[in-house]
Amino acid sequence: MSQIKIQESSKSLRKILLSLSLQGKWESNSGEKVQNDKQDIMLEGVKELEGSPKDLSSSKDGKKRKHHHDGKHIMKNFVNQIDKLFHKKEEISKRLHDDSSGGQGITSNYEDATDKSSCSATCTSFEEGLDLMQSSDSEKEEMPENLTGGVLVDQKYLVSPCNLNKFLFAPSSEFRKEVAELQGLSDVQEGPWTMMQEDTPHLTRVVTYMRAATKMVKAVKATENQIYRKANGKEFAVFVSVSTPDVPYGSTFKVELLYKILPETEPTAGGESSRLIISWGIQFNQSTIMKGMIEGGAKQGLRESFEQFSDLLAKTYKTLDPAVVLDKDQVIATVQSEQKTDLKSAFLYFWSSSVICAVLLSIYVVVHILHCEPSKIQGLEFYGLDLPDSFGELFSSGMLVLLLERVYMMTVHFIQARLHRGRDHGVKSNGKGWILTIALIKGTNLASVEATELFDPYVIFTCNGKTRTSSVKLQAQDPQWNEVIEFDAMEEPPSVLDVEVFDFDGPFDQGASLGHAEINFFKHTADELADLCVPLVGHHAQASQSKLQLRIFLENKNGVETMKDYLSKVEKEVGKKLNIRSPQKNCAFQKLFGLPHEEFLLKEYTCYLKRKLPVQGKLYLSARIVAFYSNVFGHKTKFYFLWEDIDDIQVLPPTFASLGSPLLLIILKKNRGLDAKHGAKSLDDEGRLWFYFQSFVSFDATSRTIMALWKTRTLSVDHRAQIAEEEQDVSDPFLLPEDVAVVSDSDALKMSKVYTRDLPCDVELVMKIFGGGELERKIMEKSGCLNYASTTWESKNPGVYERRLSYKYNHYVSVFGGGVTCAQQKSLAPSDEGWILNEIVALHDVPFGDHFRVHLRYEVKKAGVDCKTSKCDVYLKIRWLKTIKFEQRISKSIMEKFRTRLNVIFDLFQKESVANSSLTLL
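In this report, the structure presented in the accompanying data block is examined. If you're wondering where the values come from, they're calculated on a predicted model, not measured in any experiment.

### Some details on a nonpolar patch on the surface
Logical step 1: Among the surface-exposed residues, Phe347, Trp351, Ile356 and Leu360 lie close enough to one another that they form a single nonpolar patch of about 470 Å² accessible area.
Logical step 2: Inspection of the secondary structure puts leucine 360 in helix H14 (residues 353-371).
Logical step 3: Of the residues examined, leucine 360 reaches a relative accessible area of 55% and is grouped as exposed.

### Quick notes on the packing of helix H8 (residues 161-169) against helix H10 (residues 291-316)
Logical step 1: Direction vectors running N to C along H8 and H10 enclose 125°, while the axes themselves pass 13 Å from each other. In this view, H8 runs oblique relative to H10, as classed from their interaxial angle. Between H8 and H10 the crossing geometry is right-handed. Two secondary-structure elements touch here, H8 through Leu164, Phe167 and Leu168 and H10 through Phe309, Leu313 and Thr316.

### Some words on the side chain of threonine 705
Logical step 1: Mapping threonine 705 onto the fold places it in helix H20 (residues 699-714).
Logical step 2: Apart from the residues lying within four places of it in its own chain, the contact partners of threonine 705 are Val574 and Tyr605.

### Focus: the sheet that holds strand S15 (residues 480-486)
Logical step 1: With antiparallel pairing, four strands are arranged side by side in an open sheet as S15-S12-S19-S18. For this open sheet the edge positions go to S15 and strand S18 (532-535), each flanked by a neighbour on one side alone. Put simply, the sheet's adjacent strands are angled 25° from each other on average, direction ignored.
Logical step 2: Alignment of strand S12 (residues 434-444) against strand S19 (residues 547-556), held across ten bridges, turns out to be antiparallel. Bridge pairing in S19 links isoleucine 438 to isoleucine 552.

### Topic: the packing of helix H9 (residues 174-183) against H10
Logical step 1: For the pair H9 and H10, the least separation of the axes is 10 Å and the interaxial angle reads 135°. Taken together, the axis directions place H9 and H10 in an arrangement best described as oblique. For the pair H9 and H10, the sense of crossing is right-handed. Contact residues: H9 offers Phe175, Glu178, Val179, Leu182 and Gln183, while H10 offers Ser305, Gln308, Phe309, Leu312 and Leu313.

### Considerations on the environment of lysine 603
Logical step 1: Positionally, lysine 603 belongs in strand S20 (residues 601-610).
Logical step 2: The exposure class assigned to lysine 603 is buried, which follows from its relative accessible area of 14%.
Logical step 3: Sequence separation between lysine 603 and leucine 578 is 25 residues, and the spatial gap between their C-alpha atoms is 8.1 Å.
Logical step 4: If we ignore the near neighbours within four places in the chain, the residues touching lysine 603 are Lys576, Leu578, Arg581, Leu619, Tyr620 and Leu621.

### Some points on the packing of aromatic side chains
Logical step 1: The tally for this structure, following the rule as stated, stands at 31 aromatic pairs.
Logical step 2: Judged by centre distance (5.1 Å) and plane angle (80°), the ring pair of phenylalanine 167 and tyrosine 317 falls under edge-to-face. Taken as a pair, phenylalanine 167 in helix H8 and tyrosine 317 in the loop between H10 and helix H11 (322-325) lie far apart in primary sequence, 150 residues in all.
Logical step 3: Counting every residue linked through ring pairs, the aromatic cluster contains Phe126, Phe167, Phe169, Phe175, Trp193, Tyr228, Tyr259, Phe306, Phe309 and Tyr317.
Logical step 4: If you follow lysine 826 out to its NZ or CZ, it ends over the ring of tryptophan 793, 4.6 Å from the centre.
Logical step 5: If you follow lysine 826 out to its NZ or CZ, it ends over the ring of tryptophan 835, 5.1 Å from the centre.

### A word on the side chain of arginine 803
Logical step 1: If you trace the backbone, arginine 803 turns up in strand S31 (residues 800-809).
Logical step 2: Polar side-chain contacts of arginine 803 include one of 2.7 Å to the side chain of glutamate 776.
Logical step 3: A distance of 2.8 Å separates the side chain of arginine 803 from the side chain of glutamine 824, its partner in a polar contact.
Logical step 4: With near-sequence residues (within four places) excluded, arginine 803 lies in contact with Phe770, Gly771, Gly772, Glu776, Tyr788, Ser790, Thr791, Thr792, Trp793, Cys822, Ala823 and Gln824.

Procedures and definitions
Along each chain, residue indices are assigned from 1 in the same order as the chain's sequence is written. A pLDDT threshold of at least 70 governs which residues receive local features in this predicted model, and a stricter bar of 80 or more applies before side-chain atom pairs are shown or counted, although totals over entire chains, interfaces and linings include all residues. Note: side-chain values were computed over all heavy atoms of the structure, leaving out hydrogens and water. To count toward a patch, a residue needs a relative accessible area over 30% and no salt bridge; like charges are then connected within 9 Å, while nonpolar side chains (Val, Leu, Ile, Met, Phe, Trp, Tyr) are connected within 5 Å. Residue exposure ignores everything except the shown protein chains as possible cover, and the areas themselves are Shrake-Rupley values with a 1.4 Å probe. A carboxyl oxygen of Asp or Glu within 4 Å of a side-chain nitrogen of Lys or Arg is what we treat as a salt bridge. Helix numbers and strand numbers start at the N terminus; a helix is a DSSP run of H or I with at least 4 residues, a strand a run of E with at least 2. Only protein chains enter the accessibility calculation, which uses a 1.4 Å probe; a residue whose area is less than 20% of its type maximum is buried, one above 50% is exposed, and one in between is partly exposed. With axes taken as lines fitted to C-alpha atoms, and helix axes fitted only over the stretch in contact, angles between N-to-C directions fall between 0 and 180 degrees. Any angle from 65 to 115 degrees is called roughly perpendicular, while one under 35 is roughly parallel, one over 145 is roughly antiparallel, and all others are oblique. Two helices that cross are described as forming a left-handed crossing if the nearer one is turned anticlockwise from the farther one by less than a right angle, and a right-handed crossing if clockwise. Here a residue-residue contact requires only that any non-hydrogen atoms of the pair lie within 4.5 Å. Pairing between strands is defined by DSSP: at least two bridges between them are needed. Ring pairs shown here join Phe, Tyr and Trp side chains whose ring centres sit within 6.5 Å, with only the six-membered ring taken for Trp; geometry is labelled stacked below 30 degrees between planes, edge-to-face above 60, and tilted in between. Criterion for a charge above a ring: Arg CZ or Lys NZ at most 6 Å from the ring centre, at most 35 degrees from the ring normal. Polar contact is the term for a pair of N or O atoms within 3.5 Å; when the atoms are in protein, one must be able to donate a hydrogen and the other to accept it, and sequence-neighboring residues count only if both atoms are side-chain atoms.

Now the structure itself:
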């Protein structure tokens, strides 16, 4: 309520007396308000007007005084409007001249009152304000918690916190101008930093700008109130309140941001580093039914804006990947140094109740013997034989013997475990490309299938079709490995690392798994991989909570050349030129799906994902994944799965339901790609997810590219090159023809007979098993041999033929899936009774496979006079190339496995020979 009164004085000077009363929701309508209004109306004279601000400020409490300061800008605007209304410029100037000696005009009175009331806010420079906040008691203020909306940016930068704070919030910051230009902001006006003198000083300023128009909202004006909550020179916190009243429902909410700049505690080689955390929240002034939509729109817009913010900031200051902070060489050196502490391992191993009791009891017995006199011979004793004289002595002697036996066995196992080393431990990687380094630290609570038996654990690592094996720890439930294992360089970054713990019982054992785990490199950051505790999966492993502690490092030693080499080999399969995508597209692709920095984009296609309703989006193809993203009216669909997860890819002809467009069907393997289940059309009875894609611009080219990439990834180029290299490597002794000559007739006397079989067919038909034709291939594939390949029989000497074989066991034959290369030599038996075939078998990628060779001798001879039956005897011998503690165990396992395989092979031969009754002899 306001009242204007014009009064004439004796000097004919007209004056305007203005009384203004501001009322908020918190003020009452009785008593005090009426009294204040009456007091304002009765104010007369210039002196009364000059004194009114003091009286007003002294009469009201703290809360009303704060409201009065908030209304000073309204009073100033109101006075200016009155001045413009009356246009009494001459009279006002005359009045000011006349009152210059003794009094002040209305305008000067107001400015004086304003200056007195605003003494708590002073303009200062940015640096002085920060120094003032640092010198104040700001150390006692705690760093504010992140806002409830979530974290938009959490990144480490190679810059000190003080410099980063100045770079972001200093007046006329060039970075802010670049951000505004990038985000399409215009008319940016930054107010000066002002020091607010309250309980603790705080810097504050106001920034206004115009947001660019979008499809949904026109260009609107936004106002940011920025306030420093903490600034002590090392830590900074800036609270920002953003109001946009012109947007729909803009008067009902305000968006809040909190910038926190913290010093990084971990030292880096480049100097000081800092961590920037930006969180957001939204404050509603009043309730509205559009609350959910407002929050969703604000969240999406903020994430997109601060992605641009982070990209631009990364161009100025180097970002610190957590994996870079960790020094790989230092970690590996620590692991290797821990491996040499045998004294510590011995102390932990022998620090048990049985050892302590044995030592104490032994000392006690020795002291007792020294203090006792020789007992006299009595009972059935004679000279040299001292028997226990009571049951107590017998019991004590038995306890001592059992304890000493326990200590002896522990000592033997400890010595064997320390002397034995795995064949892959300490072997450095070869080549250039992606190097995978694994530090196997220890295992915890490993559980055996037989709970009463001790076990000998070791670990098999499988990545991109290659395996590495750790050493075997004898009878250890909590084994300490401290071993470093490296994989040879790979052209493309690996997707998954398979880890499985076995109880060693020979190279063909199938029931000795103690637990397994799968490490997906997409689901773990480099910092997490550098110190990872992997829980094992399995019936006994989960019950015992078995775990492995690993430290994994993945690095590229060939840079961009690795990607170029990979693309050049993929182009041969695709039949089309593939170009490396720009860094901007790669970065956007990685951030869209949350992928690590080593993932690079190959192709992207616009298409439809067929579900209940078609969803338009983009299909992305990279070196390791197939990804899909769609954003239709704010409804997002996003998923990806690995190339290795794909079981089959089919091209379906166009139908009426597909609107005349052919379909690309991708079927995943059982229980694979479950994270992408929401994008699948169906789930079949075998537990496989089915994905349908359609409406490509060029369906034939797209389907051909996808099929080629899938085949290239699943059948590794490195694996095929390795097989060819093994077949052509004449330096390997077991492939040389001279190695076959080692098995002679004289050696047959040293072999053990492992199998014999009577067959109802002649000798020539039995030799079809080794003929290299279709019958041999079918039998070997059905018996568990993968990628079976053989060379033709070549004549070396009259009546002597040689060839070489290469194949791989499936997991039903060997849990390791080891490869096999062998050389065969056949010759006619004496008196032309049949054939003698000598074979040398070398096993690869199985534990201790390079320690031995398996020699086999097949004797296929006539069994009767009519020549319609035959007999096959098989002899076996193991030739050891290196001495090993497990010779007896390995020999037993090989004997049993080869005996079983021979029985399977000849059973299949009989079935195939009966089924193919039309088979004729050549």
